[in-house]
Amino acid sequence: MAAPGCHVGAGVRWEVAAGGTGTGEGTEEEAEEEAEEETALRSVFPRDPELFADAFPVERRYRLCGRVLRIAQHHGPRLGPAASVWEAALSLCRYLEEQRFDFRGRTVIELGAGTGIVGILAALLGGDVTITDQPAALDQIRENVRLNFPVEGGRPRVRALLWGQDEGSFRPEYEVILGSDIVYHPPSFPPLLGTLRHLCGPRSFALLCAKMRGGDAGARRFFRQMLPPYFRIQLLRREVEEEIEIYRVTCRGDDPIEEGGDTHTPQLGVVRGGAVPDLGVP
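Cut-offs used in this document
- Residues numbered from 1 in each chain as written.
- Predicted model: local features only at pLDDT ≥ 70, side-chain atom pairs only at ≥ 80, totals over all residues.
- Heavy atoms only, no water.
- Buried < 20%, exposed > 50% of the residue type's maximum accessible area, 1.4 Å probe, protein only.
- Helix = DSSP H or I, 4+ residues; strand = E, 2+ residues; numbered from the N terminus.
- Arc of directions from axis to C-beta.
- Contact = heavy atoms within 4.5 Å.
- Core = buried A, V, L, I, M, F, W, Y, C linked by side-chain atoms within 4.5 Å.
- Axes fitted to C-alpha atoms, helices over the stretch in contact; angles between N-to-C directions.
- Parallel < 35°, antiparallel > 145°, perpendicular 65-115°, else oblique.
- Left-handed = near helix turned anticlockwise from the far one by under 90°.
- Nonpolar A, V, L, I, M, F, W, Y, C, P; charged D, E, K, R; others polar.

Peer 1: Can you break down helix α4 (residues 138–148) residue by residue, with the values?
Peer 2: All of the buried residues along α4 are Leu138, Gln140, Ile141, Asn144, Val145 and Asn148. The buried residues of α4 occupy an angular sector of 160° when the element is viewed end-on, so they sit on one face. Contact partners of the buried residues in α4: β2 (67–75), α3 (117–124), β4 (128–133) and β5 (157–160).

Structure (structure tokens):
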């Protein structure tokens, strides 16, 4: 490995250290030792520059709803968590598959899409879909849209949406709002709540799937305390081993609950699942 403080990158040069280039006893033996050291270094640090890039792409295939989705994931510091297909996204996709959701004729928006896998599946199932995330993630989403929609017809739209800032440029009352693993960072909860309130109308419903991170101050607080004053909450599924929950969220309309009022979350339609199978296909 590289010594502390040294960076081994795509432009690394392999050189034999100058250690007695003149004549004298032992010169040939030293040269052989140095050549062996260089060979050993090459075996640890190959020349392939992709191994040292800031991001490395992976493409995986997922079998969902009788289709094979091709999803590129550009892992690295630029995208961070947005690069990956997280288990909550697969759980929501499997729920759509099991319930045989038909999105034909419905306007759909996915929030915090990351790879866009959930919105892409909704579009393949007939939805008029807009996939959103922060600007840095949009190139990855567009790539995945192209991979799954070779021709432009029926392609989802891809747009930037910063919660708490950009929702005003989106028309309200999407019929379906989708989100998977977007409830994990408490400072983002208030702007996410504001975005949901803007997008949801009387005919809307949201399907939100989340891993219950952060204890009582994390995702549970969002679903059990922050949403109920403005939305009706229905727990559709709980996957105990994975600590993943899927909620149906509908707008309360003109009867918001005041702060400190009834924030009971109805526990309807609970399905207790076990281990979730991995649908990833190499």
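Peer 1: Which residues make up the nonpolar core, and what are the values?
Peer 2: Membership of the largest hydrophobic core comes to 39 residues, with the highest contact counts inside it found for Phe103, Ile117, Leu121 and Leu207. Top contributing element to this core by residue count: helix α2 (residues 87–98), with 7 residues. Ignoring sequence-local partners within four residues, the contact set of Ile117 consists of Tyr62, Leu64, Leu69, Ile71, Val85, Ala89, Leu90 and Cys93. Core analysis: the second largest hydrophobic core is formed by 29 residues, Val183, Leu192, Leu199 and Leu227 among them.

Peer 1: If you had to explain the packing of α2 against α3 to someone new, which residues and values would you point to?
Peer 2: Remark: α2 packs on α3, axes separated minimally by 9 Å, with the N-to-C direction vectors making an angle of 15°. Overall, the two elements α2 and α3 adopt an arrangement that is roughly parallel. Pair α2 / α3 crosses with right-handed handedness. Of the residues in α3, those in contact with Ala89, Leu90, Leu92, Cys93 and Leu96 of α2 are Ile117, Val118 and Leu121. For the contact of α2 with α3, a count of residues per class yields 8 nonpolar, no polar and no charged.

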